[in-house]
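Close look at the chain arrangement
Read off the chains here:
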Amino acid sequence: MSSSHDAMWEKLNLDLEAHAGLLEVLGKFYGDIYMSQQGRLRGMEYLDFVLSEVHGLRIQELQDAKALGKKIVGTFCVFVPEEIVLAAGGIQVGLCAGAEIGSAEAEKVLPRNTCALIKSFVGFKLSRLCPYIESCDLIVGETTCDGKKKAYEIFSDYSPVYVMEIPQMKNACDRELWKSEVLRFKNKVEETTGNKITTDSLKEAIHLLNDRRRVLQRLNWLRAAVPTPISGRDALLINQISFYDDPVRFTTKIGELCDELEERVKSGTGVAPEGTTRLMLSGCPMAVPNWKLPYIIESSGAIVVGEESCIGTRNTRDLVSEAGLTLDNMIDDIVDRYMRIDCACFTPNTERLDNIVKMAQELKVKGVIHYALSFCQPYAMEAYKVEKALTKASIPMLAIETDYSMEDVEQLKTRVEAFVEMTR
Ligand code: BJ8
């Protein structure tokens, strides 16, 4: 990313020096982890470009849209219904952060034993490092885990935050609560954008976002082939970029990449040597640039063929029904689709266990690596139940807890290598 964007970053009140440091680290990290791969798809050039301009051209696009009166809505969780934002003429961007830089600032206001994801987004704000956060007209939090919930109270001292209440169970009264929250959010978004959501605009938004999910489903279906035609790192990057990029352009580009994948599948061309161990990841989301674990796995004689995660299948598995004809019907369809999200914040959460086992079997994996960020109670605790369900299906699981630091890379590599060996 060139310094030609300096004026824009300065206008956004970024700490230019610290931000330049972040971009340098990001560029190096990306070079080591991504550009070193062999046999990548031609279509990945688009993703390389988007990532190289993630704080540049995409931010410029957002600024241009703002100049035309569009509003930017930032989110941290796949529970926030993007259909509502799009239907009101807004642009939604994911703000989850996957870098350690800024954590020291975050620890001035948060307990040290907070998960890395929360520390990262708070740290990005306090250190003035994220042009997405600074571009937002509204930041939407949600009452999922306790850490996020309380962090938003602090975050709201610095940014315009709106919080959606997410139920913790899935009974009829929980659906009612969720519906009232979706309607409350609709009002808030209409007030923020100054635009009323209509039957036509909501219908269009539902179709557009379903198309994005459909293309990611196609990607998942193609990468399930044996041998797999794309690395887990590249597939993760595609999922990560889906939260930032323009949805129409993204869907077109990933459709082209899938055409290329289809050719590979037809010719039986794999991205890794025959016999490479197929593994699946399950657990906490991996936000940009959190590529640590997939890199370790794929440097240990294995390949990741699926992510049961919010930056993965949890975000793409379910579509919103396209049958709704009235605004009310469509709101109900949105409510139902989002209620199917199987986040570990729910209790009980047996759907997730079933989904993990089904996915592992369909992907023909040799094992599952369960990934919980350190201090993430929902996912760390649920790992016990996940392992039990997988064991019943004769699928081995390795539970890993880690953060964004690089200190434990060698130790993790040893554990992953031993797991890969054991699954053979
Ligand atoms: S729907 S997974 S995006 S909440 S890792 S902050 S849970 S302590 S991210 Fe998530 Fe929505 Fe659920 Fe998905 Fe808390 Fe755990 Fe940290 Fe987490």
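What you are looking at is a predicted structure, and each value in this text was computed from that prediction instead of being measured.

Conventions adopted
- Residues numbered from 1 in each chain as written.
- Predicted model: local features only at pLDDT ≥ 70, side-chain atom pairs only at ≥ 80, totals over all residues.
- Heavy atoms only, no water.
- Helix = DSSP H or I, 4+ residues; strand = E, 2+ residues; numbered from the N terminus.
- Rg over C-alpha atoms; globule rule 2.2 N^0.38 Å.
- Buried < 20%, exposed > 50% of the residue type's maximum accessible area, 1.4 Å probe, protein only.
- Contact = heavy atoms within 4.5 Å.
- Lys, Arg positive; Asp, Glu negative; His and termini not counted.
- Charge placed at Lys NZ, Arg CZ, Asp CG, Glu CD.
- Near = heavy atom within 4 Å.
- 1 Å grid on protein atoms, 1.4 Å probe; cavity = no way out; pocket = protein on both sides within 12 Å on 5 of 7 lines; lining within 4 Å.
- Sits in = over half its atoms within 2 Å of the grid points.
- Nonpolar A, V, L, I, M, F, W, Y, C, P; charged D, E, K, R; others polar.
- Salt bridge = Lys/Arg side-chain N within 4 Å of Asp/Glu carboxyl O.
- Pairing = 2+ DSSP bridges.
- Axes fitted to C-alpha atoms, helices over the stretch in contact; angles between N-to-C directions.

Bringing the overall build of the protein into the picture now. Helix and strand counts for the protein come out as 19 helices and 8 strands. For 424 residues, the compact-globule estimate of 2.2 N^0.38 gives 22 Å, and the protein sits close to it at 21 Å. Along the first, second and third principal axes, the C-alpha atoms of the protein reach 60 × 50 × 45 Å. Burial statistics for the protein: of 424 residues in total, 58% are counted as buried. Within the protein, contacts between residues at least 6 apart in sequence are counted, and of these 76% link residues at least 24 apart. Taking the 50 positively charged and 62 negatively charged side chains of the protein as two groups, their mean positions are separated by 3 Å.

So, on to the site of the ligand. Near the ligand there are 15 residues, and of these C77, C145, C310, C343 and C376 occur at the shortest range. A molecule is said to occupy a pocket when more than half its atoms come within 2 Å of that pocket's grid points, and by this definition the ligand occupies the largest cavity. Tallied by class, residues from the shell around the ligand come to 13 nonpolar, 1 polar and 1 charged.

This model, assessed by the stated rule, comprises 45 salt bridges. Across the pair R58 and E61 runs a salt bridge whose closest N-O atoms are separated by 2.6 Å. Highlighted residues: R58 and E61, both in helix α4 (residues 57-67), separated by 3 residues, approximately one helical turn. A relative accessible area of 30% means that E61 is categorised as partly exposed. Several salt bridges converge on common partners, so that one network encompasses E308, R314, R317, D318, R340, D342, R352 and E382.

With that settled, the discussion passes to unusual backbone geometry. Of note, the amide linkage connecting V226 to P227 takes the cis form, showing an omega dihedral of -5°. Topologically, P227 is positioned in the loop between α11 (199-223) and α12 (232-241). P348 follows T347 through a cis peptide bond whose omega is -15°. Here P348 lies in the loop between α16 (327-339) and α17 (350-362).

What follows covers the sheet that holds strand β7 (residues 367-373). In spatial order, the strands read β6-β5-β7-β8; together these 4 strands make up an open sheet with parallel pairing. On the outer flanks of this sheet lie β6 (302-308) and β8 (397-402), each paired with one strand and no other. Across the sheet, the axes of successive neighbouring strands diverge by a mean angle of 30°, strand direction being ignored. Bridge analysis of β7 against β8 gives 6 bridges, and the strand direction is parallel. Paired with H370 across the strands is A399, a residue of β8. Lying over the sheet, α17 contacts β5 (277-283), β6 and β7, oriented at roughly 165° with respect to β5. Docked against the sheet, helix α18 (residues 377-392) engages β5, β7 and β8, running at close to 170° with respect to β7.

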